[in-house]
Amino acid sequence: MSLIDVKSFAAGQWIIPDANAREIANAVTGAPLARAGNSALDCGAMLEYARNVGGPALRALSFHDRARMLKALAIELGKHKDALYDISFATGATQSDHMIDIDGGIGTMFVFASKGRRELPDAQVYLDGEVEQLSRNGTFLGQHICTPLRGVAVHINAFNFPVWGMLEKLAPTLLAGVPAIVKPATATCYVTERAVRIMLDSGILPAGALQLVSGGLGDMLDRLTHQDVVSFTGSASTALQLRSAPHILENSIRFVAEQDSLNASILGPDATPGTPEFDLFVKEVQREMTTKAGQKCTAIRRIIVPEAQTDAVIDALSARLSKTVIGDPRVEGVRMGALVSQAQRHDVLATAAEISREAERVFGNPDDFALTGADHETGAFVPPMLFHCQNPDTASIVHSKEAFGPVSTIMGYRDIDHAVTLANRGEGSLVASVITQDGDVARQVVAGAGAYHGRLYFNNRTSMKESTGHGSPLPHMVHGGPGRAGGGEEMGGVRGVMHYMQRTAVQGSPDILSAIGPRWVPGAAEITEHAHPFTRDFNALEIGETLYTEPREITLDDIETFANFTGDRFYAHMDAEAAKRNPFFPDRVAHGYLLISFAAGMFVEPNEGPVLANTGLDKLRFMKPVEAGDSIRVRLTVKQKTPRNDEYGEVRWHVTLSNQNAELVAEYELLTMNAYAKPA
């Protein structure tokens with residue numbers, strides 16, 4: 001049987017492995033499967049291709065263009081899921097594992113595509129936060145912005161998730177407008193190569209946006225600049241070696257790391273045997289031990305339970321683990337496959353032997369366990385192994401050594417403070433979970449453990465049916481952690497995109513800031529010569545387009561009618577003496593919502609037109625009370641435009657209400673959905 005040549009894609013060319021390529025074995029059978037690596041790869045050419053071809057092409061697109069590109073890529077990958085499933089069995093993964101890796105990766109791209117359209121502008125510049133007024137009269141302002149880095153993102157990924165691990169980094173990178181060079185772990189790079197080939201063959205990506213290194217990176221990291229980013233997933237020792245390289249340090253090259261993590265799960269004191277929480281806890285731990293054969297950066301390594309429940313948890317967990325069928329993942333009924341390689345099996349067994357110096361193995365014998373459809377000698381199989389540490393306060397190995405496989409250690413705690421202390425002994429993790437229905441327990445854990453963990457996952461009978469699980473990083477939330485976990489973070493929605501952008505403080509006049517946005521800033525020039533803005537379609541509306549209404553007097557009868565009609569008879573509107581005793585009001589005043597209602601009547605164009613719906617308002621503030629006899633005037637300005645779909649876009653209007661003395665009495669932002677121009 002001929003070996004699969006796992007190619008690299010460099011500077012627009014597919015490059016075959018050379019004589020120095022590394023051989024890759026099938027994790028299930030041990031048979032030679034593929035070879036990967038080319039020592040003559042031109043790293044300089046790859047970087048220049050990304051910077052000079054891919055970067056400009058991506059930056060020419062808006063955030064929305066890139067979001068649509070991500071969605072198209074996700075759809076294309078979804079069409080080829082079966083091919084990716086099929087090749088992934090050789091990694092030792094089961095069909096359920098494939099769905100986490102492949103479906104999870106595709107789903108992550110869909111989320112970033114959606115967030116890109118919802119939370120980012122249809123522009124090349126991201127406005128970070130609100131305008132800062134830096135001068136008394138508002139003619140000199142400040143605004144933080146983010147723009148794409150002018151370099152390349154080098155993604156160094158781990159072996160355990162060859163598709164998701166790539167896509168969860170690639171999605172925010174491309175959305176930011178930065179090209180990527182992906183370097184998967186060699187052990188499973190044949191799966192990554194298949195996914196990359198699908199994306200490149202689709203023609204969706206601009207040239208230079210994505211390249212692939214199957215094998216070693218050569219001198220690539222030594223060629224990076226301060227405009228580049230390294231995003232690494234793997235062991236702490238490798239991360240230390242890479243991030244401490246003189247070239248990386250001297251050039252302040254961004255280095256995002258996600259590394260070793262001894263994640264913990266705490267059983268709340270209220271979760272006693274017989275409760276839904278107890279059963280949930282056992283189920284979650286068993287799943288995290290056996291999914292991907294425990295080869296997950298978020299797997300539960302330390303099981304922290306009340307001392308009184310230690311035996312019950314060991315018995316219940318052992319019973320569930322005993323039902324786990326291990327073997328060839330293609331065989332019906334198999335629930336846990338092989339480790340990725342014989343080398344990985346050796347490392348797991350060696351670390352488990354170290355753990356046994358401080359803890360007793362209470363389930364799982366690596367020298368005697370059943371296999372289905374596979375061979376102990378050739379396949380990289382180990383059973384789930386559960387250890388019990390009776391003295392976790394004096395132990396050190398169980399809090400510092402990670403067996404990257406189906407290995408976990410149970411330990412007892414005296415009270416919640418003790419549980420938190422044990423969880424924090426891991427010196428930084430990606431995730432800690434707590435199974436409890438007690439809000440006081442949750443609050444105590446957050447206060448004591450929050451600084452040590454990138455994610456705190458709480459679950460109980462209320463959320464268990466819809467929760468995604470301890471070990472599932474979600475694209476909406478930050479994935480990373482302090483200390484031993486690497487000190488970095490990935491995903492987190494738009495937060496992840498910002499890792500590939502530069503935040504810059506821009507200072508200038510309102511007109512300058514409005515031009516950069518594009519988002520109208522109060523004080524900038526207004527456009528008043530057009531027809532009523534509600535008669536103009538989305539395409540025609542211009543940022544800064546403004547309507548001023550005629551004034552309207554507010555009468556005492558208006559105030560009383562509104563109070564009687566709505567039932568809002570608050571004393572400040574109805575009782576003059578009571579109102580005068582209030583430090584905010586000089587006399588009876590108009591309801592704030594009366595003013596907003598009158599404002600709508602003053603600026604709305606009543607006839608059918610391109611305004612389809614009012615979808616809400618933001619940032620409503622009332623600055624000065626309006627008494628009977630005062631008059632109000634409305635200014636309505638187009639602040640921002642955001643396309644939503646093929647039929648309409650969202651218009652954000654800046655609305656101010658001023659009294660007869662030109663004093664601001666109210667301010668808010670109105671949101672409407674406006675139709676695009678109809679085809680001629």
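Residues numbered from 1 in each chain as written. Predicted model: local features only at pLDDT ≥ 70, side-chain atom pairs only at ≥ 80, totals over all residues. Heavy atoms only, no water.

The name recorded for the protein in an unreviewed UniProt entry is Phenylacetic acid degradation bifunctional protein PaaZ, from Tritonibacter aquimaris.

Consider a sheet: its strands pair through backbone hydrogen bonds, and that pairing is either parallel or antiparallel. Within the open sheet, the three strands sit side by side as 6-7-22. Their pairing is antiparallel. Looking at the sheet topology across the chains shown, the edges are occupied by strand 6 (126-133) and strand 22 (501-508). Direction aside, the axes of adjacent strands within the sheet are offset by 20° on average. Looking at chain direction, strand 6 and strand 7 (residues 141-148) are connected through five bridges and run antiparallel. From the neighbouring strand, aspartate 128 faces strand 7, where its bridge partner is histidine 144. (Pairing = 2+ DSSP bridges. Helix = DSSP H or I, 4+ residues; strand = E, 2+ residues; numbered from the N terminus. Axes fitted to C-alpha atoms, helices over the stretch in contact; angles between N-to-C directions.)

Below, the discussion takes up the sheet that holds strand 14 (residues 302-306). The seven strands are arranged 15-16-17-14-13-18-19 in an open sheet whose pairing can be described as mixed. Strand pairing shows two members of the sheet lacking a second neighbour, strand 15 (360-363) and strand 19 (456-459), which therefore form its edges. Mean inter-strand twist for the sheet, computed between neighbouring axes without regard to direction, equals 25°. Note: strand 14 against strand 17 (residues 407-413), five bridges, orientation parallel. Opposite isoleucine 304, over in strand 17, you have methionine 411 as the bridge partner. Its contacts with the sheet place helix 10 (residues 310-322) against strand 13 (264-267), strand 14, strand 15, strand 16 (385-389) and strand 17, and it is angled at close to 170° to strand 16. Taken strand by strand, helix 11 (residues 342-355) contacts strand 16 and strand 17, and its axis lies near 20° from that of strand 16. (Contact = heavy atoms within 4.5 Å.)

For the rest of this paragraph, the subject is the UniProt feature "domain: MaoC-like" (unreviewed entry) in the protein. The residues that UniProt annotates with the feature "domain: MaoC-like" (unreviewed entry) are residues 542-652. Across residues 542-652, helical content stands at 30% and strand content at 32%; the span's end C-alpha atoms are separated by 12 Å. (UniProt positions renumbered as here; feature names shortened; annotations may be inferred.)

The domain architecture assigned to the protein consists of domain 1 (12-126 + 143-259 + 496-500), domain 2 (264-473) and domain 3 (526-675). Placing a centre on the C-alpha atoms of domain 1 and another on those of domain 3 gives a separation of 49 Å. If you look at the interface, domain 1 gives five residues, while domain 3 gives five residues. Summed over both partners, the interface of domain 1 with domain 3 buries about 410 Å², with 41% contributed by carbon and sulfur atoms. The three residues of domain 1 that bury the most area against domain 3 are Arg117, Arg118 and Asp122, which together make up 72% of that side's buried surface. The interface formed by domain 1 and domain 3 holds zero salt bridges in total. The tally of links between domain 1 and domain 3 comes to one residue pair in polar contact (both at pLDDT 80 or more). (Domains from an automatic or database assignment. Buried area = accessible area lost by both parts, 1.4 Å probe. Salt bridge = Lys/Arg side-chain N within 4 Å of Asp/Glu carboxyl O. Polar contact = N/O pair within 3.5 Å; in protein donor to acceptor, adjacent residues only side chain to side chain.)

Moving on to the packing of helix 3 (residues 81-88) against helix 6 (residues 189-201). Orientation of helix 3 relative to helix 6, taken along the N-to-C sense of each, is 165°, at an axis distance of 9 Å. It follows that helix 3 is roughly antiparallel to helix 6 by the angle criterion. Helix 3 and helix 6 meet at a crossing whose hand is right-handed. Two secondary-structure elements touch here, helix 3 through Ala83, Leu84, Ile87 and Ser88 and helix 6 through Tyr190, Val191, Arg194, Ala195 and Ile198. Residues belonging to the contact of helix 3 with helix 6 are distributed by class as follows: seven nonpolar, one polar and one charged. (Parallel < 35°, antiparallel > 145°, perpendicular 65-115°, else oblique. Left-handed = near helix turned anticlockwise from the far one by under 90°. Nonpolar A, V, L, I, M, F, W, Y, C, P; charged D, E, K, R; others polar.)

Once that is clear, we can look at the nonpolar core. Grouped together as the largest cluster of nonpolar side chains are 60 residues, with contacts concentrated most on Leu174 and Met199. Of the residues forming this core, the biggest block, eight residues, is contributed by helix 5 (residues 164-176). The residues contacting leucine 174, other than those within four sequence positions of it, are Leu58, Arg66, Met69, Leu70, Leu73, Leu205 and Ala209. Counting 38 residues, the second-largest nonpolar core is a separate cluster that includes Val28, Ala380, Met385 and Ala395. (Core = buried A, V, L, I, M, F, W, Y, C linked by side-chain atoms within 4.5 Å. Buried < 20%, exposed > 50% of the residue type's maximum accessible area, 1.4 Å probe, protein only.)

The residue arginine 633 is located in strand 26 (residues 631-643) in this model. Along the sequence, arginine 633 and methionine 602 sit 31 residues apart, while their C-alpha atoms lie 8.3 Å from each other. Among the polar contacts made by the side chain of arginine 633, one reaches the main-chain carbonyl oxygen of threonine 549 at a distance of 2.8 Å.

Buried residues dominate strand 12 (residues 254-258), accounting for four of its five residues. Here strand 11 (residues 229-233) runs beside strand 12; their pairing, made up of five bridges, is parallel. Directly across from threonine 233, in strand 12, lies its bridge partner glutamate 258.

It is worth spelling out the pattern of salt bridges at this point. Side chains that differ in charge, positive against negative, can pair when their charged atoms come close. Summed over all chains, the structure comprises 30 salt bridges. With its nearest N and O atoms 2.7 Å apart, the salt bridge here joins aspartate 5 to arginine 35. Here arginine 35 lies in strand 5 (residues 32-36) and aspartate 5 lies in strand 1 (residues 4-6), a separation of 30 residues in the sequence. By relative accessible area, which is 25% here, arginine 35 ends up partly exposed. Between lysine 115 and glutamate 119 there is a salt bridge, with its nearest N and O atoms 2.7 Å apart. In this pair, lysine 115 and glutamate 119 are both assigned in helix 4 (residues 95-119), four residues apart and thus about one turn of the helix distant. On the basis of relative accessibility, which here comes to 41%, the residue glutamate 119 falls in the partly exposed class. Taken together, the shared-partner salt bridges in this structure form one network comprising Glu130, Asp618, Lys619, Lys639, Arg652 and Glu669.

Let us now look at the packing of aromatic side chains. For the structure shown, the criterion picks out nine aromatic pairs. When the ring of phenylalanine 538 is compared with that of tyrosine 676, the centres are 5.3 Å apart and the planes differ by 70°; the resulting orientation is edge-to-face. Here phenylalanine 538 is found in the loop between helix 15 (510-516) and strand 23 (546-548), whereas its partner tyrosine 676 is found in the segment after strand 28 (664-675), with 138 residues between them in sequence. Across the pair, tyrosine 676 and phenylalanine 538 agree in class, each one buried. Here the aromatic rings of tyrosine 593 and phenylalanine 622 are separated by 6.2 Å at their centres, their planes lie at 90°, and the arrangement is edge-to-face. Remark: phenylalanine 622 occurs in strand 25 (residues 611-622) and tyrosine 593 occurs in helix 19 (residues 592-603); sequence separation between them is 29 residues. A connected cluster of aromatic rings, assembled from ring pairs, spans Phe534, Phe603 and Trp653. When the ring centre of phenylalanine 598 is taken as origin, the NZ or CZ atom of arginine 552, which lies over that ring, is 3.7 Å away. (Phe/Tyr/Trp six-rings, centres within 6.5 Å; stacked < 30°, edge-to-face > 60°. Lys NZ or Arg CZ within 6 Å of the ring centre and 35° of its normal.)

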